[in-house]
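Each chain, written out:
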Amino acid sequence: MTSIFVVLIIAMAVIAIAQLSRIHQLSNNLRGKREEDISDTSNKVNAFLMLSSMFVYFGFVIWQMVVWGPYMLPEAASEHGKDIDQLFAVNWFILLTVFFGVHVLLFYFPFKYYRRKGTKAYYFTHDNKLEFIWTIVPSVTLAGIIIFGLITWNKIQKTEDENPLRIELYAKQFDWTARYTGSDNEMGNANYLLVSGSNPLGIMTKQTINEKLDEYAADIAKLQASLANVMPDHKREEVEDKIAVYERFVARIMDFNNTKRNLNAGLDDQLVKGEMHLPIGKEVEFFIRSQDVIHSAFMPHFRMQMNAVPGEITRFVMKPTITTEEMRIKMDDPDFNYILLCNKICGSAHYNMQMDVIVESQAEYDQWMSEQKVFIAESGNTENSKENKIAEL
Ligand SMILES: [Cu+2]
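Residues numbered from 1 in each chain as written. Predicted model: local features only at pLDDT ≥ 70, side-chain atom pairs only at ≥ 80, totals over all residues.

Side note on the domain arrangement of the protein chain
In step 1: Structurally, the protein chain comprises domain 1 (29-157) and domain 2 (165-187 + 266-388).
In step 2: Averaged C-alpha coordinates put domain 1 and domain 2 at centres separated by 43 Å.
In step 3: Across the boundary between the two partners, domain 1 contributes 12 residues, which contact 17 residues of domain 2.
In step 4: Taken together, the elements giving at least two residues each to the side of domain 1 that touches domain 2 come down to helix H3 (79-112) and helix H4 (128-157).
In step 5: Broken down by element, the side of domain 1 that touches domain 2 gets its largest block of residues, 5 residues, from H3. (Domains from an automatic or database assignment. Contact = placed C-beta atoms within 7 Å. Helix = DSSP H or I, 4+ residues; strand = E, 2+ residues; numbered from the N terminus.)

Describing the nonpolar core
In step 1: Membership of the largest hydrophobic core comes to 45 residues, with the highest contact counts inside it found for Leu 169, Ala 171, Trp 176, Ala 297, Met 318, Leu 340 and Val 357.
In step 2: Sort the elements by how many residues they give to this core and strand E1 (residues 165-172) lands first, with 4 residues.
In step 3: Residues from two domains meet in this core; each of domain 1 (29-157) and domain 2 (165-187 + 266-388) gives at least three.
In step 4: Those residues in contact with Trp 176 that sit more than four places away from it in its chain are Leu 169, Tyr 170, Ala 171, Leu 340, Met 353 and Met 355. (Core = buried A, V, L, I, M, F, W, Y, C linked by C-beta atoms within 7 Å. Buried ≥ 20, exposed ≤ 12 C-beta atoms within 10 Å, placed from the backbone.)

What about the pairing of strand E5 (residues 284-290)?
If a strand is regular, its side chains alternate between the two faces of the sheet.
In step 1: By the criterion of burial, E5 is predominantly enclosed, with 5 of the 7 residues buried.
In step 2: Across 7 bridges, E1 lies against E5 in parallel orientation. Counted as the bridge partner of Ala 171 is Ser 290 from E5.
In step 3: Alignment of E5 against strand E8 (residues 314-318), held across 5 bridges, turns out to be antiparallel. Counted as the bridge partner of Val 284 is Met 318 from E8. (Pairing = 2+ DSSP bridges.)

Some thoughts on the sheet that holds strand E4 (residues 275-279)
In step 1: Here we have 5 strands laid out as an open sheet, ordered E4-E10-E9-E6-E7, and mixed in their pairing. The sheet terminates laterally at E4 and strand E7 (304-308), the two strands that pair on one side only. Direction aside, the axes of adjacent strands within the sheet are offset by 20° on average.
In step 2: In this structure, strand E9 (residues 338-342) lies alongside strand E10 (residues 354-360), joined through 4 bridges in antiparallel fashion. Its bridge partner lying in E10, Ile 339 is registered against Asp 356. (Axes fitted to C-alpha atoms, helices over the stretch in contact; angles between N-to-C directions.)

Here's the deal with unusual backbone geometry
In step 1: Here Gln 173 and Phe 174 are connected by a cis peptide whose omega angle stands at 0°.
In step 2: Looking at where Phe 174 falls in the secondary structure, it is placed in the loop between E1 and strand E2 (175-180).
In step 3: Although it is not a glycine, Arg 303 adopts a positive phi angle of roughly 55°.
In step 4: Within the secondary structure layout, Arg 303 lies in the loop between strand E6 (295-299) and E7.
In step 5: Arg 303 sits in the buried class, given 23 other C-beta atoms within 10 Å.
In step 6: One non-glycine residue, Asp 332, lies in the positive phi region at around 55°.
In step 7: When you line up the elements, Asp 332 lands in the loop between helix H7 (324-331) and E9.

Written out as structure tokens, the structure is:
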């Protein structure tokens with residue numbers, strides 16, 4: 001009932017306004033005034049409103065900067081991070097200069113040049129000098145930003161250390177696994193065809209290859225046996241197709257054995273979850289992979305981010321410069337931890353796809369590393385010493 005009443009009031013108001021403007025128009029006609037005639041006073045009022053909008057707008061922008069400023073990231077905790085921050089600073093400087101410059105002109109000109117009776121607009125078709133300036137200045141500025149960006153890009157793609165710490169960041173819905181190379185400092189090969197419950201990263205060793213081959217042999221045998229049953233033609237075709245696919249997988253997995261890959265490199269790899277440790281001042285070369293969809297390895301405090309793309313290995317080179325302990329003191333927060341996040345919305349639990357990162361002294365790192373299990377132990381093999389395994393091969 002009330003809603004009908006409200007609608008009625010609104011309708012009446014609209015009709016009243018329409019009638020009022022009609023009366024206004026008619027009275028103007030009677031006085032010989034045309035609709036398009038706008039008084040100087042009304043122009044002047046609009047000009048002042050334009051100028052005051054500028055102050056309100058700038059006030060709002062500056063207020064936002066002050067309010068959100070304290071939530072910016074603390075100082076970069078990596079070597080290249082300083083370059084990234086500098087890149088940001090340069091870009092912000094250019095953006096803010098242009099932003100304030102353009103808006104001053106945008107608001108000030110309507111104020112300065114509002115229409116006055118008797119003045120005529122100045123008119124010109126084009127100006128070569130002006131065109132030249134507004135083409136060259138942005139081109140040079142953009143080229144500068146791009147060159148600066150490329151130099152920084154090279155730094156995060158090139159290792160300086162001859163023997164950097166190599167770590168694989170393996171993404172899947174919805175967690176991270178960090179794989180360390182173990183004592184040989186060589187990351188074992190991996191392939192998605194070898195992924196299984198006991199080998200989530202698909203690491204390539206003699207054992208994981210054979211396990212997978214056995215698994216497929218059993219599956220194929222089962223499928224072939226099922227062909228003896230009576231079944232409709234389309235169903236039979238389906239089974240035969242599946243066998244063909246599995247046989248192709250088998251051929252590719254057999255090939256892992258035949259190629260000259262080092263199948264021992266993966267044996268002592270160390271897989272960790274939940275918490276990843278890094279020694280201070282040591283260059284780290286990250287290899288980033290994904291099992292399912294696109295994820296993104298994001299460590300904001302180190303100014304590091306790189307997509308994890310299925311079927312591809314992406315890289316990022318980084319050297320931490322501030323330990324977790326030092327950062328806790330700097331930030332006056334005893335609970336602070338560096339963090340690895342997923343920065344690509346990858347599904348329902350994306351928000352929780354994270355891992356703590358601890359930066360510590362080499363000695364502390366070595367101690368932690370010595371407590372981490374090696375891959376072979378994870379795959380359920382009882383003889384888990386590397387020597388035994390290699391001897392067996
Ligand atoms: Cu993700």
